Amino acid sequence: MVDYSVDRNLAILGINNPPVNALSFHVREGLFNGIKQANADRRVEAIVITGKGKTYCSGADIREFSIPSAGKGLVTLGHRIEDSDKPVISAIHGNALGGGLEIALFSHYRVANKNAKIGFPEVLIGLLPGAEGTIRLPRVTGLAFAMDAIASGRRFDAQEAHKHGILDTICDGDVLQEAKAFSKKIIGQPLDQRRLSKTHVKDAADVDIKFEEALAQIKRKYRGLIAPILCLKSVRNSAKMSFDEAAAEEMRLFGELLTSSQSIGLRYSFFAERSAPKWKLPCGACADNTTPVDVKTTGVIGAGTMGSGIAVCLIRAGIPVILVEKNQKMLDQAIKTISRILTGSVKLNRMTEKQREHSLKLLKGASTLDELAGVDMVIEAVYENLELKREIFHQLDKICKSSTLLCSNTSTLDIDNIASATQRPDKVVGTHFFAPAYIMRLLENVYGTKTSPTTVATVMELGKRIGKICVLVKTCYAFVANRTNQPFGAEASFMVEEGALPQDVDTVLENFGMPMGPFKVSDLSGIDVGWRIRQEVAKALGLKLTLETRYRMGERITTLADRLYEMGRYGIKTGKGWYRYEPTNPRKPIPDPDVAKMIQKHCMDMGIERRNIPAQEVIERCLFSAINESFRVLEQRIAEKPEDIDVIWQYGFSFPRYGGGPMFYASQVGLKKVFEKICIFHEQFPYSSHWVPSDLLRKLASHSTEIPMDKWTQFISSSKL
Ligand code: 3H9
């Protein structure tokens, strides 16, 4: 895994561990032995560490953190590099990340290609750079840069690294050639001043001020996360302790983080995110054996919030869009909105003015579907009405060329039903974006019974192109996102009916790690929006709802949100919803005694006795109901693997990344305990079908011992459920 070769007076150690040249056991052994061999080799005057393939080295092998450590650690290897009698040059191209950057900092010199990316991303998986990275970087760059880089985990380019002294030189072309040329200048030079362990932090006198400033900032930015704080503390130690003392303390802090639940959750999330796009269909087609078709032109139907947001995603990625809206006023308004969103991106430095202008040129408004005849893909984003969508698809089928893919942004409706309005069900697929579509990263792609593998491959690829995290699910009512989220929201409302106030439920869930409780989210998205959806559903089912309705087709419902609607409290947009909002600070929710009175009166009128609801009950009822539904989704093969559901919750509902997602959370609590509690809630709340225990969960929980998540994941993928 490390290729050793000698080129004249240079030993070249080439890390060869694709795809990212992680520092796995064999790589560490190979580098250690390579340094030893080169020092013993009389021909060799200097040593170059380089990466084979696309990259230098992306850090420790994250999978190895979950198994007992074996062989030489990174620090032992690093000391062998630093102690080398012959100069060691790290020649960097691609990435030098985490342990990779630490290897470079153990080296005496660092040269890089100008396109290289450098950084310490450990904090993003709940760790700190534990091979002396927090002690060495400040010795090179000073404290302020090191604190920012290590606590944020951001990747920076070679120019910035050079400016801060991390790189000795940058080149345009082949970095190995540059390292060879560079070696001529340094062979024979004394090495001690190049050994970072022999140097000091130059701005150590300011450490306390810098620490306090950085701490205040990260506490605001990374609420509830432990790793950024320990990163800062370790950098502070580099200025307050001797090198060896600070390094020993760094090792202790690293160990603390490694076993923390946050890091375990973040490491799980790292791999879950990478596994989600690896889709598979029941017929055996998968990402590896299916080629997508090239999408060069698109159409979006409907210029409402969703349609406009989707158009932004497409034109921003350089894909032309014809936006169809028959209401000219709405179309004009949407084009203005799109332009405003892009201007916002320029202000936030997410795109240049030139890119904004180019993107806008890719947008064309139209008033009829006929304009879509020649596009490669159409995304329909009209409001949630099955008959309307069927009619549109029926017309598109006649208008569009035979190869055009027809996608629906429906968030609940059956894709098979929509597809059956066309003669090309193989080219019909759901592309469920989340609002606001130009911000939310999740794209839930939904296949129907007849959707072809090529169609699936194409929407998964398109999602990647526009910067989305794509998850593939099978059609069913509300798919995976809304279906598993529905019981979560329902239980939150039921608890308000039983005794809690909206702010009580929100606070508990925010303390759990959700950025916003469900009632604040509801105020943001609009009480009127939810009301309209409920009316549509009732109409479709032929039901009449009143404010006194407590059960619908045998299912418990609550009409509290409808009462708010009747009071004209539509949320933030009207300054009043579950909370009230002052005109001076229209985004800050303030608990409202009028809402409390309305809830109490509702309960009195309906004969509901209110009681104290403990925080633990809030967590369990919201999350366990979602977990139960998630297991059903797996059982019915609507989602292929538990990781898909967790990724949906992270990117669709902002579930805290360190919490993994509902499936990972269930594994942490233990499936037996979760199942027992679900059975208790089922008895307590017989009119909520989301508490009927999932058979799959029952099966997994019935094992004599608790099964770890990787085992039940294997069970799900191998069994014929
Ligand atoms: C560390 O270094 C600790 C030390 O300070 C102290 C130790 C004592 N390990 O992302 P991609 C896999 S902590 C294992 O799709 P890209 C990944 O799962 C580490 N596997 O590619 C995927 O596998 P698969 C600090 C890894 O080009 C495949 O490689 N370093 C690792 O979009 C391709 O990955 C980091 O945190 C790894 N370190 O992005 C860097 N990295 O094909 C983490 C990747 O089976 N890595 N894999 O799905 C990254 O940020 C991105 O992978 C990178 C490439 C930017 C490198």
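Please read these numbers as outputs of a predicted model, since none were measured by experiment. (Residues numbered from 1 in each chain as written. Predicted model: local features only at pLDDT ≥ 70, side-chain atom pairs only at ≥ 80, totals over all residues. Heavy atoms only, no water.)

Our focus in this paragraph is the pairing of strand 3 (residues 46-51). Burial within strand 3 is extensive, with six of its six residues counted as buried. Alternating residues of strand 3 divide into Ala46, Val48 and Thr50 and Ile47, Ile49 and Gly51, and every residue in both groups is buried. One crossover worth recording links strand 2 (residues 10-15) to the parallel strand 3 by way of helix 1 (residues 25-40), and it is right-handed. Relative to strand 4 (residues 88-92), strand 3 runs parallel, the two sharing four bridges. Looking across to strand 4, one finds that valine 48 is bridged to isoleucine 89. Read from strand 3 through helix 2 (residues 74-82) to strand 4, the crossover connection turns out right-handed. (Buried < 20%, exposed > 50% of the residue type's maximum accessible area, 1.4 Å probe, protein only. Helix = DSSP H or I, 4+ residues; strand = E, 2+ residues; numbered from the N terminus. Right-handed = clockwise from strand over helix to strand, strands pointing away. Pairing = 2+ DSSP bridges.)

So, about the sheet that holds strand 6 (residues 109-113). Overall, mixed pairing links the six strands, which are arranged 1-2-3-4-6-9 in an open sheet. Edge positions in the open sheet fall to strand 1 (2-7) and strand 9 (169-171), since each of these has one partner strand only. The mean inter-strand angle of the sheet, taken between neighbouring strand axes irrespective of direction, is 20 degrees. Relative to strand 2, strand 1 runs antiparallel, the two being bridged by six bridges. Bridging across to strand 2, valine 2 finds its partner in isoleucine 15. (Axes fitted to C-alpha atoms, helices over the stretch in contact; angles between N-to-C directions.)

With that settled, the discussion passes to the sheet that holds strand 16 (residues 442-447). Judged by pairing direction, the sheet is mixed, and its eight strands sit side by side in the order 12-11-10-13-14-15-16-17 without closing on themselves. This sheet does not close on itself; its edge strands, each paired only once, are strand 12 (363-366) and strand 17 (469-474). Each neighbouring strand pair of the sheet contributes to a mean axis angle of 25 degrees, computed without reference to strand direction. Both strand 14 (residues 405-408) and strand 15 (residues 428-433) contribute to a ladder of three bridges, which runs parallel. Across the sheet, the residue bridging to serine 408 is glycine 430, located in strand 15. Across the sheet, helix 25 (residues 642-653) lies against strand 16 and strand 17, angled at about 130 degrees from strand 17, the strand it touches most. (Contact = heavy atoms within 4.5 Å.)

This part takes up the state of the cysteines. Per the counting criterion, the structure on display carries zero disulfides. In this structure cysteine 603 is not part of a disulfide, and its nearest cysteine sulfur, from cysteine 622, lies 17 Å away. Classification of cysteine 622 as buried rests on a relative accessible area of 0%. (Disulfide = S-S within 2.5 Å.)

This paragraph deals with the environment of threonine 404. With respect to the helices, strands and loops of the structure, threonine 404 is situated in the loop between helix 15 (386-399) and strand 14. Its relative accessible area of 0% is what places threonine 404 among the buried residues. Taking the C-alpha atoms as reference, threonine 404 lies 7.4 Å from lysine 427; in sequence the two are 23 residues apart. Residue contacts for threonine 404: discarding those within four places in its chain leaves Ala373, Val375, Asp376, Met377, Val378, Arg424 and Lys427.

The next subject is the pattern of salt bridges. Taken as a whole, this structure holds 47 salt bridges when the rule is applied. Among the ionic pairs, aspartate 592 bridges to arginine 569, the shortest N-O distance being 2.7 Å. Taken together, the residues aspartate 592 in the loop between strand 21 (585-591) and helix 23 (593-606) and arginine 569 in the loop between helix 22 (560-566) and strand 20 (579-582) connect sequence positions 23 residues apart. There is no split in this pair, since aspartate 592 and arginine 569 are both buried. Here lysine 597 and aspartate 594 are joined by a salt bridge, their closest N and O atoms 3.8 Å apart. Placement of the pair is lysine 597 and aspartate 594 together in helix 23, with a separation of three residues, close to one helical turn. Overall, the relative accessible area of 54% leaves lysine 597 in the exposed class. The class for aspartate 594 is partly exposed, based on a relative accessible area of 39%. One network of salt bridges, with partners in common, ties together Glu491, Glu497, Glu498, Arg556, Arg611, Glu617 and Arg621. (Salt bridge = Lys/Arg side-chain N within 4 Å of Asp/Glu carboxyl O.)

Across the five residues of strand 6, five count as buried, placing the element largely inside the fold. Because side chains alternate across strand 6, one face comprises the buried residues Tyr109, Val111 and Asn113, and the other comprises Arg110 and Ala112, equally buried. Where strand 4 meets strand 6, four bridges bridge the pair, whose relative direction is parallel. Within strand 6, the position partnered with isoleucine 89 by the bridge is tyrosine 109. Pairing of strand 6 with strand 9, which is carried by three bridges, proceeds in the parallel orientation. Within strand 9, the position partnered with alanine 112 by the bridge is isoleucine 170.

Looking now at the site of the ligand. Gly99, Glu102, Glu122, Arg274 and Lys278 are the nearest of the 26 residues found near the ligand. The contact in question runs from an oxygen atom of the ligand to an N or O atom on the backbone of glycine 99, over 2.8 Å. The fraction of the free accessible surface of the ligand (1,000 Å²) that becomes covered by protein chains is 73%. Mapped by element, the contributors of at least two residues to the shell around the ligand are strand 5 (95-97), helix 3 (99-106) and helix 11 (261-275). (Near = heavy atom within 4 Å. Polar contact = N/O pair within 3.5 Å; in protein donor to acceptor, adjacent residues only side chain to side chain. Areas by Shrake-Rupley, 256 points an atom, 1.4 Å probe, with all protein chains shown as cover.)

Attention shifts here to helix 15. Here helix 15 contains 14 residues, and its C-alpha end-to-end distance of 20 Å stays within 8% of the 20 Å for a straight helix at 1.5 Å per residue. Where helix 15 is concerned, the buried positions are Lys389, Ile392, Phe393, Leu396 and Asp397. Seen from one end, helix 15 has its buried residues packed into an arc of 140 degrees, which puts them on one side. For helix 15, the exposed residues lying more than 90 degrees away from the buried face are Glu387 and Lys398. Two or three places before glutamate 387, at the opening of helix 15, asparagine 385 has a side-chain oxygen 3.0 Å from that residue's backbone nitrogen. (Expected span 1.5 Å × (residues − 1). Arc of directions from axis to C-beta.)

Within the protein chain, residue pLDDT values average 96, and 100% of them lie at 70 or more. Prediction confidence for the complex, expressed as pTM and ipTM, is 0.94 and 0.99 respectively. (pLDDT = per-residue confidence, 0-100.)

This chain's UniProt record puts "domain: 3-hydroxyacyl-CoA dehydrogenase C-terminal" (unreviewed entry) on residues 479-581 and 618-703. Structurally, residues 479-581 is divided into 57% helix and 7% strand, and its ends, taken at the C-alpha atoms, are 34 Å apart. (UniProt positions renumbered as here; feature names shortened; annotations may be inferred.)

The next point concerns the packing of aromatic side chains. Two descriptors summarise a pair of aromatic rings, namely the distance from one centre to the other and the angle between the planes of the rings. Taken as a whole and judged by the stated rule, the model has 18 aromatic pairs. Where tyrosine 109 meets phenylalanine 182, the ring centres are 5.5 Å apart and the plane angle is 65 degrees; that geometry is what we call edge-to-face. Pair noted here: tyrosine 109 is in strand 6 and phenylalanine 182 is in helix 7 (residues 175-186), with a separation of 73 residues, a long-range link. We note that tyrosine 109, like phenylalanine 182, is buried. Look at phenylalanine 145 and phenylalanine 156: their rings are 5.2 Å apart centre to centre, the planes differ by 80 degrees, and that puts the pair in the edge-to-face class. Here phenylalanine 145, found in helix 5 (residues 143-152), pairs with phenylalanine 156, found in strand 8 (residues 155-157); they are eleven residues apart in sequence, far enough to count as distant. Here phenylalanine 145 and phenylalanine 156 have matching classes, each one buried. (Phe/Tyr/Trp six-rings, centres within 6.5 Å; stacked < 30°, edge-to-face > 60°.)

Generally speaking, nonpolar side chains in soluble globular proteins are found buried as a group. Grouped together as the largest cluster of nonpolar side chains are 101 residues, with contacts concentrated most on Leu372, Leu396, Trp578, Phe631, Ile648 and Trp712. Among the elements that make up this core, the one with the highest residue count is helix 24 (residues 615-635) (ten residues). Two domains each provide a minimum of three residues to this core, namely domain 2 (298-479) and domain 3 (516-604). Setting aside anything within four residues of it in sequence, one finds tryptophan 578 in contact with Pro502, Phe519, Ser522, Asp523, Ile527, Leu560, Ala561, Leu564 and Val595. Among the nonpolar cores identified, the runner-up in size contains 67 residues, and Val2, Tyr56, Ile125 and Ile166 belong to it. (Core = buried A, V, L, I, M, F, W, Y, C linked by side-chain atoms within 4.5 Å. Domains from an automatic or database assignment.)

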